[in-house]
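What follows is the residue order along each chain.
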Amino acid sequence: CREKDAALAELEGRLTDQQRIEEERAQLFRILESERSRLARVFMKAPAFIATLRGPDQVFELVNPTFEQLVGFRDILGKPVRQALPELAGQGFFELLDQVYRTGESFTGRERPIHLQREPGGPLDERAVDFVYLPLLDPGEKVSGIFVHGVDVTEPVRARRRLEELVQELQQAEEALKEADRRKDEFLAMLGHELRNPLAPIRNAVFVMRQLGSGVPEIERGRDMIDRQVSHLARLVDDLLDVSRISRGKILLRQEALDLVALARTAAEDHRSDLEAAGLHLSVRLPEGPVWVQGDPTRLSQVLGNLLHNAGKFTDAGGRVELEMVADPAAAFVGITLRDTGIGMEPRMVERLFQAFSQADHSLDRSRGGLGLGLALVKGLVDLHGGEVHAASDGLGRGSVFTLRLPRREAAEPAGSRPEAAPAPPGLHRILVIEDNVDAAESMQLLLELAGHQVTTAFDGPSGVSEAHRFQPSVVLCDIGLPGDMDGYAVARELRRDGLPASAKLIALTGYGQEEDQRRSREAGFDLHLTKPVDPAALGKLLAELPAGA
């Protein structure tokens, strides 16, 4: 009985172990089924295309819907790849599959173009794919098939290529803009030259007429009208070229410590006669002592001059113009305010007042004139100095207020501590004028001879060099844009090399006035660069400051 009970117990134990094994096997089967179901869902819904190929002929064993969509929903299961996708012949894919099957080494392709016939009898559709060919190994570690996985990247590739095309188009457009800008620079330089050239003899002739006098009131009035209009035209040309240079970043400031009070006082006095002639009253309120800023005196004078000119242009006779400077010693900025009782502005005009070619005068008669460049030039120059300029108005007929703020600097070295050179004695000169414009040359000769100088002329480069050897001038006034092979730069180089004593002064007198022109004139050997139409009084002062015989 004991042996029988032991045998029964052992049998029960074995049955329990078998039952447990069966339960574990069932549980494992459920897990495997669940995992296979999950993998099947992933396989079916994967956005990447997936396929398995079996045997050396690469027969399609499994493909997911994304792969079927890529190749056009054709029946490919159970078919060798060369039979299922014959249009791939010659595209390199079959050869890559053979290589992976033969070597057992995987292959990765990036953005490979593939041409597929996605519809029966239809055209080949070009796609771009990223893909991987992975070898499948049997239990003996031999290659039995190939796993294919990839992504259709056609749209991203097309988008990138389009972006590259757009970048190329933008680069071409940028080059075209640079070329257009270069041509514009050349045009503006030529425009300035061609506009200034005829202004020069007119201004010279007016100066000669004033020197000689006529005693006839009508002639005097006509002469003054011509003088004013020449100055107006010269100002328009200068503003046009200066605004263009500022927009291209080609304005070079020659900054120094300067007394803004003295500069403002001089600017106001320079414009007082014009404002009073227009029937306006100018009042100036400035601090007693100096107020120092760092800036280009010529350009800041231009800023204040443009603001005063603008106030006079838009204020009717009987009105007032007030210039005031506020200088708090503790403040980092110096403020200048210019008020007028003129025509004022609408709010929409104030917003775009400092834009180039903006006009406050929109009347048909354009009685107040201008190109709308003066205030654009003001803002450009003030910005270059690190300052600010603002405009305000209470409306039409209620005047305007312009506020200018410039960074203040510490007091400069007192002027008395700097040794000043003794003024050179004024003297008369032997002057050679080299100018191809006959009217400009002869009018310049006339006004210089009236001042007592000995003058001769030449009308091209070679004759100018020959005349310099013969005449031995102490001063040469030479145009840049001379005809023929020898322009003004070549004349200067030749005269500096052989023909003039070192003490002689070479002065470029030209319609070309841009920074590049001035740089080239210095390099060629010119001592000074004057832009037409030069003020005869300023030229006379310059010559008087040169020692006799230079």
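Residues numbered from 1 in each chain as written. Predicted model: local features only at pLDDT ≥ 70, side-chain atom pairs only at ≥ 80, totals over all residues. Heavy atoms only, no water.

Colleague: I'm lost on the overall build of the protein in this one. Help?
Modeller: Across its full length, the protein holds 15 helices and 17 strands. Within the span of the protein, comprising 550 residues, buried residues form 40% of the whole. Considering only contacts in the protein between residues 6 or more positions apart, those separated by 24 or more positions represent 65%. (Helix = DSSP H or I, 4+ residues; strand = E, 2+ residues; numbered from the N terminus. Buried < 20%, exposed > 50% of the residue type's maximum accessible area, 1.4 Å probe, protein only. Contact = heavy atoms within 4.5 Å.)

Colleague: When you look at the sheet that holds strand β13 (residues 430-434) in this model, what are you seeing that I'm missing?
Modeller: Two strands in a sheet stick together by hydrogen bonds in their backbones, pointing the same way (parallel) or opposite ways (antiparallel). An order of β14-β13-β15-β16-β17 is seen for the five strands of this open sheet, with the pairing classed as parallel. At either margin of the open sheet sits one strand with a lone partner, and together these are β14 (454-458) and β17 (528-531). With strand direction ignored, the average angle separating the axes of adjacent strands in the sheet is 20 degrees. Of the pairings in the sheet, the one linking β13 to β14 comprises five bridges and is parallel in character. Across the sheet, Leu432 pairs through a bridge with Thr456, a residue of β14. Seen against the sheet, helix α15 (residues 536-545) touches β13, β15 (475-478), β16 (505-510) and β17 and runs at an angle of roughly 165 degrees to β17. (Pairing = 2+ DSSP bridges. Axes fitted to C-alpha atoms, helices over the stretch in contact; angles between N-to-C directions.)

Colleague: Would you explain the pattern of salt bridges in this entry?
Modeller: When their charged atoms lie close together, side chains carrying opposite charge are able to pair. What the rule picks out here adds up to 28 salt bridges. The closest approach of N and O atoms between Arg127 and Asp125, which form a salt bridge, is 3.9 Å. You can call Asp125 partly exposed: its relative accessible area is 22%. Salt bridges linked by common partners bring Arg285, Arg320, Glu322, Glu324 and Arg339 together as one network. (Salt bridge = Lys/Arg side-chain N within 4 Å of Asp/Glu carboxyl O.)

Colleague: Could you clarify how one ought to interpret the packing of helix α12 (residues 461-471) against helix α13 (residues 488-497) in this entry?
Modeller: Any two packed helices are characterised by the angle at which their axes cross and by the distance between the axes. Two elements in contact, α12 and α13, have axes separated by 10 Å at closest approach and are oriented at 25 degrees. Put simply, α12 runs roughly parallel to α13. In this structure, α12 meets α13 at a crossing whose hand is right-handed. Of α13, the residues touching α12 (which contributes Gly461, Val465 and Ala468) are Val491, Glu494 and Leu495. The residue makeup of the contact of α12 with α13, split by class, is four nonpolar, one polar and one charged. (Parallel < 35°, antiparallel > 145°, perpendicular 65-115°, else oblique. Left-handed = near helix turned anticlockwise from the far one by under 90°. Nonpolar A, V, L, I, M, F, W, Y, C, P; charged D, E, K, R; others polar.)

Colleague: Can you walk me through α12 in this structure?
Modeller: Think of an α-helix as turning once every 3.6 residues; residues three or four places apart then point the same way. Among all positions in α12, only Gly461, Gly464, Val465, Glu467, Ala468 and Phe471 are buried. Seen end-on, α12 carries its buried residues on one side only, within an arc spanning 165 degrees. Looking at the buried side of α12, the elements it contacts are β13, β14 and α13. A positive backbone phi angle near 50 degrees is found at Gln472, which sits one or two residues after α12. (Arc of directions from axis to C-beta.)

Colleague: I keep staring at the packing of aromatic side chains and nothing clicks. Help me out?
Modeller: To describe a pair of aromatic rings, one takes the distance between the centres and the angle between the planes. Tallying each qualifying case throughout the model produces six aromatic pairs. Between Phe93 and Phe131 the ring centres are 5.6 Å apart and the planes differ by 50 degrees, which places this aromatic pair in the tilted class. Placement of Phe93 in helix α4 (residues 93-103) and of Phe131 in strand β4 (residues 124-137) is noted, with a sequence separation of 38 residues between them. Accessibility expressed as a relative area gives 3% for Phe93, which makes it buried. Their ring planes at 85 degrees and their centres at 6.3 Å tell us that Phe354 and Phe402 sit as a pair that is edge-to-face. With Phe354 in the loop between α9 (347-351) and α10 (374-384) and Phe402 in strand β12 (residues 400-407), this pair connects stretches of sequence that are 48 residues apart. Accessibility classification places Phe354 together with Phe402 in one group, the buried group. Among the aromatic residues, those joined into a cluster by ring pairs are Phe93, Phe107, Phe131 and Tyr133. Its guanidinium or amino end placed over the ring of Phe93, Arg112 lies 5.5 Å from that ring's centre, counting from NZ or CZ. (Phe/Tyr/Trp six-rings, centres within 6.5 Å; stacked < 30°, edge-to-face > 60°. Lys NZ or Arg CZ within 6 Å of the ring centre and 35° of its normal.)

Colleague: Can you help me understand unusual backbone geometry in this one?
Modeller: Glycine aside, a negative phi is what most residues show, and trans is what most peptide bonds show. Cis geometry is found at the peptide bond from Lys532 to Pro533, where omega equals -10 degrees. With respect to the element layout, Pro533 can be found in the loop between β17 and α15. For Glu111, which is not a glycine, the phi torsion comes out positive at approximately 55 degrees. If you trace the backbone, Glu111 turns up in strand β3 (residues 107-117). Classification of Glu111 by relative accessible area gives partly exposed; the value is 32%. With a phi close to 50 degrees, Gln472 is a non-glycine residue in the positive phi region. For Gln472, the position within the fold is in the loop between α12 and β15. A residue is classified by how much of its surface remains accessible, and Gln472, at 39% relative accessible area, is partly exposed.

Colleague: What exactly am I supposed to notice about the nonpolar core here?
Modeller: Across soluble globular proteins, nonpolar side chains have a tendency to be buried as a group. By size, the foremost hydrophobic cluster in this structure holds 39 residues, and its most contacted members are Leu260, Met325, Leu353 and Leu404. Mapped onto this core, the elements with two or more residues apiece are α7 (260-277), α8 (297-313), β9 (320-326), β10 (333-340), α10, β11 (388-392) and β12. The element contributing the most residues to this core is α7, with seven residues. Judged by nonpolar contacts, the second largest core, of 25 residues, contains Phe49, Ala84, Leu116 and Phe131. (Core = buried A, V, L, I, M, F, W, Y, C linked by side-chain atoms within 4.5 Å.)

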